[in-house]
Number of protein chains: 2
Amino acid sequence: MVWRGQGTEPEGVSRFYSVIPAGGIGSRLWPLSRAAAPKFLHDLTGSGQTLLRDTWNRLAPISGPQRIMVVTGRAHRAAVEEQLPELRDENVVLESEGKDSSAAIGLAAAILEKREPGVIIGSFAADHVITDHRRFRQSVVQAIALADAGYIATIGIQPTEPAIGFGYIKTGAPIEVAGAPDALAVDGFVEKPSLATAKKYVDAGTYFWNAGMFIARADRLLQQLAKTQPLLVEGLQELADAWDTPNRGAVVDRVWPTLAKIAIDYSVAEPSAKEGVLAVIPGDFPWDDVGDFGSLAKLQSGGRKSDLAILGEHARVLADSSSGIVVSETGRLITLIGVSDIVVVDTPDALLVTTSEHAQRVKSVVDALKLSGRTDVL
Amino acid sequence: MVWRGQGTEPEGVSRFYSVIPAGGIGSRLWPLSRAAAPKFLHDLTGSGQTLLRDTWNRLAPISGPQRIMVVTGRAHRAAVEEQLPELRDENVVLESEGKDSSAAIGLAAAILEKREPGVIIGSFAADHVITDHRRFRQSVVQAIALADAGYIATIGIQPTEPAIGFGYIKTGAPIEVAGAPDALAVDGFVEKPSLATAKKYVDAGTYFWNAGMFIARADRLLQQLAKTQPLLVEGLQELADAWDTPNRGAVVDRVWPTLAKIAIDYSVAEPSAKEGVLAVIPGDFPWDDVGDFGSLAKLQSGGRKSDLAILGEHARVLADSSSGIVVSETGRLITLIGVSDIVVVDTPDALLVTTSEHAQRVKSVVDALKLSGRTDVL
């Protein structure tokens, strides 16, 4: 089986390691996504496999399946291993408690750098949808060349519409690195903009969606992280030193609770952009983070507003002039009459009814449930 | 316990017998109403008791509880008897198969006339909502006076709005009968009108809603029925003759399948109106047939459009700026976000999502389910 080396590729590809942080629950997809069944364990595309498995299938041809590390919660170990039977034992990193992306990716970097100095890692969310594996691969390979040259690299997505639910990457001048002909400097990051601003960004052609993909030499990533979070890196190094020894458990128990909880966007990406060491490869593949049921409906219907998308292996739906999306996790008969742009999510213990327009507010409901202690359905 | 005789009442009241045909499923209230749990076995008012029990409680003070006959399907016997522990065995008439209202009411008339010649019967649906028992009683007492004078009497409801879901009774000149000061002749019946026509009716003040209440001497009712359905009456007489004998079962098995299936509105009421023997007492009490979830929502919210009504003993609903009605027959958490005038009916094996506006189309879904053989949820 040939996993790598289609034609001439940068040498760095042979030192590439994929990292999949599989942590987020996906609260805006509640009650489908839950603590016990997070978004990455669902088949949201109707492909017949989970988003996690899709992610694996996308990365295996780049790094090889033996070079993929998954960082996930203890509670998800069994489900992850069931999804990924090829996943090597030593490539499962279990978090005793979620500590956000800096700790998750930083720990992977520290462990891999210790095992294999000079390793290049690429971190990709476990729950995004990318259908064009070939073009994805081409972008990653360019990003690897950038990483090998010392950059913290990211892949920005060429916006197809003025989305207000994503962060944007502002690009600057081209960067000259062999093997990365499309590389651009990153001038900065912009948080979710207003619609008017998003329109300007799309028209300008110099802004890309931030898809949270980071590719870097592990040592460089830790160096950059140490500049803003020295204590965190200290803890991660301590963990990495003990990781492949009998002391792992004791050190984890002692150090893990002390780790700072911060997104890698803030601890590494933004500061690196300011420093001029962050570079971006514009990705021209379709990408979706399936952030809420509105985007899920859109993804499922291929953008046709008049369609009713149905998700669920055992879904039984009878609809009369209705549009939107039905997600069925029960075998119940679901009947819709004259409802437009509706979102119906039917699970054994919780039902959600909303519209595509209001789907983003699902997270606030989850927050309300948490506050009121009704955690049985979360 | 004094059940009858508040002040001076027409002598006919002492010969009055209540009849409750409890047959209709209430398809437009599916999936709440079902073959196994028809509308009359539900508490739709939040009163804590079923519509059937409400009906009983309304009639018992008029006829006395020992003089109420219930005509229902064999499948509902146990449920009916549980709801009405006072119901006498000889007052339970079980249909082996639904044969519409002419057969149900006609059989009650024939049985009661045989037992007690000269009896006056009043037939009232088991699944309507009437909250003012005192005014209802006053109308029935007047109707009894009309019946005793030989009329087929009905109680028409003074319309409160130009409803298009009801039939209308067109009234004529006053009728002079002692004990029935409000009586009017009936000039005819009008099927569900257009909105424009309904508005004219309401403005005219001479049209009343047809609530399907009929009060008549049993012998007169059968006479009128025999004019349009002689074979049906022949069958009913044969059944009545055998009813209180050991032959009942054999005669039922032989005769029942042959009975014509026709609504009493067509077989008796309309022809009697043409003949000039139908009279109406205008009823000035609030009445609702709770025909669909739209009217249920209205009934529940007291007409306030912005409200979300919740029905169901174990309902758990979390709603964020939503209006309409939720009917919960499960203990599931139901979450609504930003949906207006919504109808959500959550039962263990079927879920309905529609709007008040489209709630009338529920019946067509039930028809579609029947046609496709998915009767498990009906």
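Residues numbered from 1 in each chain as written. Chains lettered and ligands numbered in written order. Predicted model: local features only at pLDDT ≥ 70, side-chain atom pairs only at ≥ 80, totals over all residues. Heavy atoms only, no water.

**Regarding the overall build of chain A**
Looking only at helices and strands, chain A has eleven helices and 17 strands in total. Computed over the C-alpha atoms, the radius of gyration of chain A is 21 Å, within 12% of the 21 Å expected from 2.2 N^0.38 for a compact globule of 378 residues. With the C-alpha coordinates of chain A rotated into their principal frame, the extents come out at 60 × 50 × 45 Å. Classification of the 378 residues of chain A by burial places 56% in the buried group. In chain A, the proportion of contacts linking residues at least 24 apart, taken out of those at least 6 apart, comes to 68%. As displayed, chain A offers around 15100 Å² of accessible surface, 51% of which is attributable to carbon and sulfur atoms. (Helix = DSSP H or I, 4+ residues; strand = E, 2+ residues; numbered from the N terminus. Rg over C-alpha atoms; globule rule 2.2 N^0.38 Å. Buried < 20%, exposed > 50% of the residue type's maximum accessible area, 1.4 Å probe, protein only. Contact = heavy atoms within 4.5 Å. Areas by Shrake-Rupley, 256 points an atom, 1.4 Å probe, with all protein chains shown as cover.)

**Some points on the relation of the copies chain A and chain B**
Superposing chain A onto chain B takes a rotation of 180° combined with a translation of 0.0 Å along the rotation axis, leaving an RMSD of 0.1 Å. Viewed as a symmetry operation, the transformation between the two copies matches a two-fold axis. Proximity to the rotation axis, assessed at the C-alpha, singles out Val353 of chain A in chain A; its C-alpha lies 4.2 Å from the axis. The overlap is high: 100% of the interface residues of chain A also sit at the interface in chain B, so the same surface is used on both sides. (Least-squares fit on C-alpha atoms with pLDDT ≥ 70 in both.)

**Some remarks on the confidence of the model for chain A**
Caution is warranted with low-pLDDT regions, since their predicted coordinates should not be read in detail. All names here are of chain A. The predicted model of chain A has a mean per-residue pLDDT of 93, with 98% of residues at 70 or higher. Considering only residues more than four positions removed or in separate chains, one finds that residues 1–5, a stretch of pLDDT under 50, has 15 contacts. Both confidence scores are given for the complex: pTM 0.86, ipTM 0.84. (pLDDT = per-residue confidence, 0-100.)

**Some remarks on the interface of chain A and chain B**
With 34 residues of chain A at the contact, the number on the chain B side is 34 residues. Carbon and sulfur atoms make up 57% of the surface buried where chain A meets chain B, a total of about 2800 Å² over both sides. Note that Asp376 of chain B is salt-bridged to Arg316 of chain A, the shortest N-O span being 3.6 Å. Applying the counting rule to chain A against chain B returns 22 residue pairs in polar contact (both at pLDDT 80 or more). Of all elements in the fold, only strand 13 (316–320), strand 15 (333–337), strand 16 (342–346), strand 17 (350–355) and helix 11 (362–371) of chain A reach the threshold of two or more residues within the side of chain A that touches chain B. No other element matches the six residues that strand 17 of chain A contributes to the side of chain A that touches chain B. Relative to strand 15 (residues 333–337) of chain B, strand 17 of chain A is paired through four bridges, and the arrangement is parallel. In the sheet register, Ala350 of chain A faces strand 15 of chain B, and the bridge partner there is Leu333 of chain B. (Buried area = accessible area lost by both parts, 1.4 Å probe. Salt bridge = Lys/Arg side-chain N within 4 Å of Asp/Glu carboxyl O. Polar contact = N/O pair within 3.5 Å; in protein donor to acceptor, adjacent residues only side chain to side chain. Pairing = 2+ DSSP bridges.)

**What about the sheet that holds strand 17 (residues 350–355) of chain B?**
Taken together, the six strands give an open sheet; going across it, the order is 13(A)-15(A)-17(B)-16(B)-14(B)-12(B), and neighbouring strands pair in mixed fashion. On the outer flanks of this sheet lie strand 13 of chain A together with strand 12 (308–311) of chain B, each paired with one strand and no other. Across the sheet, the mean angle separating the axes of adjacent strands is 10° when strand polarity is ignored. Where helix 10 (residues 293–301) of chain B meets the sheet, its contacts fall on strand 12, strand 14 (324–328), strand 16 (342–346) and strand 17 of chain B, and the angle it forms with strand 14 of chain B comes to roughly 100°. Relative to strand 15 of chain A, helix 11 (residues 362–371) of chain B is tilted by about 140°, and along the sheet it contacts strand 13 and strand 15 of chain A together with strand 17 of chain B. (Axes fitted to C-alpha atoms, helices over the stretch in contact; angles between N-to-C directions.)

**Brief notes about the packing of helix 7 (residues 230–243) of chain B against helix 8 (residues 248–255) of chain B**
All names here are of chain B. Closest axis-to-axis distance for the helix 7/helix 8 pair is 8 Å, and the angle between their directions is 165°. As summarised for this structure, helix 7 and helix 8 are arranged roughly antiparallel, according to the angle between their axes. The handedness of the crossing between helix 7 and helix 8 is left-handed. In this structure, helix 7 contributes Gly235, Glu238, Leu239, Ala242 and Trp243 to the contact, and helix 8 contributes Arg248, Val251, Val252, Arg254 and Val255. (Parallel < 35°, antiparallel > 145°, perpendicular 65-115°, else oblique. Left-handed = near helix turned anticlockwise from the far one by under 90°.)

**Points about the packing of aromatic side chains**
Two measures describe an aromatic ring pair: the distance that separates the ring centres and the angle between the ring planes. All told, the structure shown has 14 aromatic pairs over all chains when counted by the stated rule. Between Phe124 of chain A and Phe136 of chain A, the ring centres sit 5.4 Å apart and the planes meet at 75°, which makes this aromatic pair edge-to-face. With Phe124 of chain A in the loop between strand 4 (120–123) and strand 5 (129–130) and Phe136 of chain A in helix 4 (residues 133–148), this residue pair connects regions lying twelve residues apart in the sequence. The pair Phe124 of chain A / Phe136 of chain A is uniform in exposure class, with both members buried. Three or more aromatic residues joined by ring pairs form one cluster here, namely Phe124, Phe136 and Phe285 of chain A. In this structure, Arg58 of chain B packs its charged tip against the face of Phe136 of chain B, placed 5.7 Å from the ring centre. (Phe/Tyr/Trp six-rings, centres within 6.5 Å; stacked < 30°, edge-to-face > 60°. Lys NZ or Arg CZ within 6 Å of the ring centre and 35° of its normal.)

**Thoughts on the pattern of salt bridges**
Across all of its chains, the model carries 42 salt bridges over all chains by this definition. Put simply, Glu238 of chain A and Arg254 of chain A hold a salt bridge, and the shortest N to O gap is 2.9 Å. Of this pair, Glu238 of chain A sits in helix 7 (residues 230–243) while Arg254 of chain A sits in helix 8 (residues 248–255), and the two are 16 residues apart along the sequence. The partner of Arg361 of chain B in a salt bridge is Asp320 of chain A, with the nearest N and O atoms 2.8 Å apart. Here Asp320 of chain A lies in strand 13 and Arg361 of chain B lies in the loop between strand 17 and helix 11, a pairing that spans two chains. On the basis of relative accessibility, which here comes to 23%, the residue Asp320 of chain A falls in the partly exposed class. Each of Arg332 and Asp346 of chain A together with Arg332 and Asp346 of chain B takes part in salt bridges that share partners, so that together they form one network.

**Some details on the pairing of strand 4 (residues 120–123) of chain B**
Residues in a regular strand project their side chains so that they alternate between the two faces of the sheet. All names here are of chain B. Where burial is concerned, the two faces of strand 4 agree: the one with Ile120 and Gly122 and the one with Ile121 and Ser123 are both buried. Where strand 1 (residues 16–22) and strand 4 come together, four bridges link them in parallel fashion. Bridge pairing in strand 4 places Phe16 opposite Ile120. Where strand 4 and strand 9 (residues 207–217) come together, four bridges link them in antiparallel fashion. Residue pairing for strand 9: Ile120 is matched across the bridge by Arg217.

**Considerations on the environment of Arg15 of chain A**
Residue and element names in this part refer to chain A. Summarising the element assignment, Arg15 is placed in the segment before strand 1 (16–22). The spacing of Arg15 and Ser63 is 48 residues in sequence and 8.2 Å in space, taken between C-alpha atoms. Contacts of Arg15, omitting those with residues within four sequence positions, involve Arg67, Glu116, Gly118, Val119, Ile120 and Asp148. For Arg15, the side chain forms a polar contact with the side chain of Asp148, separated by 2.7 Å.

**Comments concerning the sheet that holds strand 14 (residues 324–328) of chain A**
Reading across from one edge, 12(A)-14(A)-16(A)-17(A)-15(B)-13(B) is the order of the six strands in this open sheet, with mixed pairing throughout. Among the strands making up the open sheet, the edge pair consists of strand 12 (308–311) of chain A together with strand 13 (316–320) of chain B. On average, adjacent strands in this sheet sit at an angle of 10° to one another, irrespective of strand direction. Here strand 14 of chain A runs beside strand 16 of chain A; their pairing, made up of five bridges, is parallel. Each residue of the ladder has a partner; that of Ile325 of chain A, found in strand 16 of chain A, is Val343 of chain A. Sheet strands in contact with helix 10 (residues 293–301) of chain A are strand 12, strand 14, strand 16 and strand 17 of chain A, and its direction is about 100° off that of strand 14 of chain A. The strands touched by helix 11 of chain A within the sheet are strand 17 of chain A together with strand 13 and strand 15 of chain B, with strand 15 of chain B carrying the most contacts at an inclination of about 140°.

**Concerning unusual backbone geometry**
Residues and elements named next belong to chain A. Look at the link from Trp30 to Pro31: it is a cis peptide, with omega at 5°. With respect to the element layout, Pro31 can be found in the loop between strand 1 and helix 1 (51–63). Despite not being glycine, Asp341 has its phi angle at roughly 55°, a positive value. Among the structural elements, Asp341 can be located in the loop between strand 15 and strand 16.

**A look at the packing of helix 6 (residues 218–228) of chain A against helix 7 of chain A**
Residue and element names in this part refer to chain A. For the pair helix 6 and helix 7, the least separation of the axes is 6 Å and the interaxial angle reads 135°. Taken as axis vectors, helix 6 and helix 7 run oblique relative to one another. Judged by residue contacts, Leu222, Leu225, Ala226 and Thr228 of helix 6 engage Pro230, Leu232, Val233, Leu236 and Gln237 from helix 7. Taken together, the residues of the contact of helix 6 with helix 7 break down into seven nonpolar, two polar and no charged. (Nonpolar A, V, L, I, M, F, W, Y, C, P; charged D, E, K, R; others polar.)

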